Amino acid sequence: MPCIERDGLRRLTLQVSGVLTALALALAAACTRPLPPPPAPAPAEVPASAPASTPASAPASAPQPASAEPPPQAARYVQLAAPVTPRNAAELRLQFARRLVAAHPDTSYTERAPDRLWAIPVLAVELNANGSVRHITVLRKPSTGHEATALAIAAVHRAAPFGDVSRLPKPWQVVETFLFDDDLRFKPRTLDIE
């Protein structure tokens, strides 16, 4: 009997040893993997009318290597000044749409919407008395372009606040239709109606 117990204990020890060895190897492999690079810092806001500056160390006419591709441009967002107090629901809706476009000069458009749109999400934005966003409800989620709904919601948050609405009758809500083109640029439909 004692021999059987020793053999069983020996097998168990070998199994545990094998598991520990496998874990140690996996941990060592995980520790030697290179870490992903840290995210790039956000670019500083540069007005569209400002000339592009060149680095002091490189002459302005220095040729670029033929294989170098320009880095993709990050979308520019504008921090808006405090909004005016809307006197009625129509002014609130118009100010809402104009602030959306003003805050997103690179990802919005004001010209006529194309005949074929990529996505048309509709949001109901409930506001607090100071015009900040209280809650957003998606009334229409497009069957294509789910990314457009997320972009529209983010745009609303960036453009807020929308003015003191405490003197307006409740509910303090704006329903807006976002007309997204193939380049993922949006136009608030309210701007087509004004």
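Residues numbered from 1 in each chain as written. Predicted model: local features only at pLDDT ≥ 70, side-chain atom pairs only at ≥ 80, totals over all residues. Heavy atoms only, no water.

Undergrad: For this particular structure, what's the right way to read the nonpolar core?
TA: Soluble globular proteins tend to bury their nonpolar side chains together. Leu-100, Val-125, Leu-127, Val-156, Phe-162 and Phe-178 are the most contacted members of the largest nonpolar core, which has 23 residues in total. Sorting the residues of this core by element identifies helix H2 (89–103), strand S1 (122–127), strand S2 (133–140), helix H3 (146–159) and strand S3 (173–180) as the ones contributing at least two each. If one sorts the elements of this core by residue count, H3 sits on top with five residues. Apart from the residues within four sequence positions on either side, Phe-162 is in contact with Pro-83, Val-84, Pro-86, Leu-92, Gln-95, Phe-96, Arg-99, Leu-127, Gly-131, Val-133 and Val-156. (Core = buried A, V, L, I, M, F, W, Y, C linked by side-chain atoms within 4.5 Å. Buried < 20%, exposed > 50% of the residue type's maximum accessible area, 1.4 Å probe, protein only. Helix = DSSP H or I, 4+ residues; strand = E, 2+ residues; numbered from the N terminus. Contact = heavy atoms within 4.5 Å.)

Undergrad: What's the story with the sheet that holds S2 in this structure? I'm lost.
TA: Where strands meet in a sheet, backbone hydrogen bonds hold them as pairs that are either parallel or antiparallel. The strand order S2-S1-S3-S4 describes an open sheet built from four strands, whose pairing is antiparallel. On the outer flanks of this sheet lie S2 and strand S4 (186–188), each paired with one strand and no other. For this sheet, the mean angle separating the axes of adjacent strands, direction not counted, is 30 degrees. Both S1 and S2 contribute to a ladder of six bridges, which runs antiparallel. (Pairing = 2+ DSSP bridges. Axes fitted to C-alpha atoms, helices over the stretch in contact; angles between N-to-C directions.)

Undergrad: Explain the packing of H2 against H3 here, please?
TA: How two helices sit against one another is set out by the angle between their axes and by the gap between those axes. At a minimum axis distance of 9 Å, the contact between H2 and H3 shows a crossing angle of 95 degrees. It follows from the interaxial angle that H2 and H3 lie roughly perpendicular. For the pair formed by H2 and H3, the contact residues are Phe-96, Arg-99, Leu-100 and Ala-103 on the first element and Ala-155, Val-156 and Ala-159 on the second. Each residue belonging to the contact of H2 with H3 can be placed in one class, and the counts come to six nonpolar, no polar and one charged. (Parallel < 35°, antiparallel > 145°, perpendicular 65-115°, else oblique. Nonpolar A, V, L, I, M, F, W, Y, C, P; charged D, E, K, R; others polar.)

Undergrad: Quick question: what am I supposed to make of the pairing of S3 here?
TA: The side chains of a regular strand alternate, residue by residue, between the two faces of the sheet. The element S3 is extensively covered by neighbouring structure, given that six of its eight residues are classed as buried. As judged from the three bridges shared by S3 and S4, these two strands associate in the antiparallel manner. Note that in S4 the partner of Leu-179 across the bridge is Lys-187. The turn joining S3 and S4, which pair antiparallel and follow one another in sequence, is formed by five residues; a positive phi near 65 degrees is taken by Leu-184.

Undergrad: What is the right way to look at the pattern of salt bridges in this model?
TA: When the charged atoms of two side chains with opposite charge come close together, those side chains can pair. What the rule picks out here adds up to six salt bridges. Here Glu-126 makes a salt bridge to Arg-134, at a shortest N to O gap of 3.5 Å. Exposure remark for Arg-134: the relative accessible area of 56% places this residue in the exposed category. The network of salt bridges with common partners includes Glu-111, Asp-181 and Arg-185. (Salt bridge = Lys/Arg side-chain N within 4 Å of Asp/Glu carboxyl O.)

Undergrad: Help me understand the confidence of the model for the protein chain, please; the structure alone is not making it clear to me.
TA: Taken as a whole, the protein chain shows an average pLDDT of 75; of its residues, 60% reach a score of 70 or greater. At the level of individual helices and strands, the protein chain shows its lowest average pLDDT in helix H1 (residues 2–32), which scores 55, and its highest in S1, which scores 96. Here residues 30–67 scores under 50 on pLDDT; set against residues more than four positions off or in separate chains, the count is seven contacts. (pLDDT = per-residue confidence, 0-100.)

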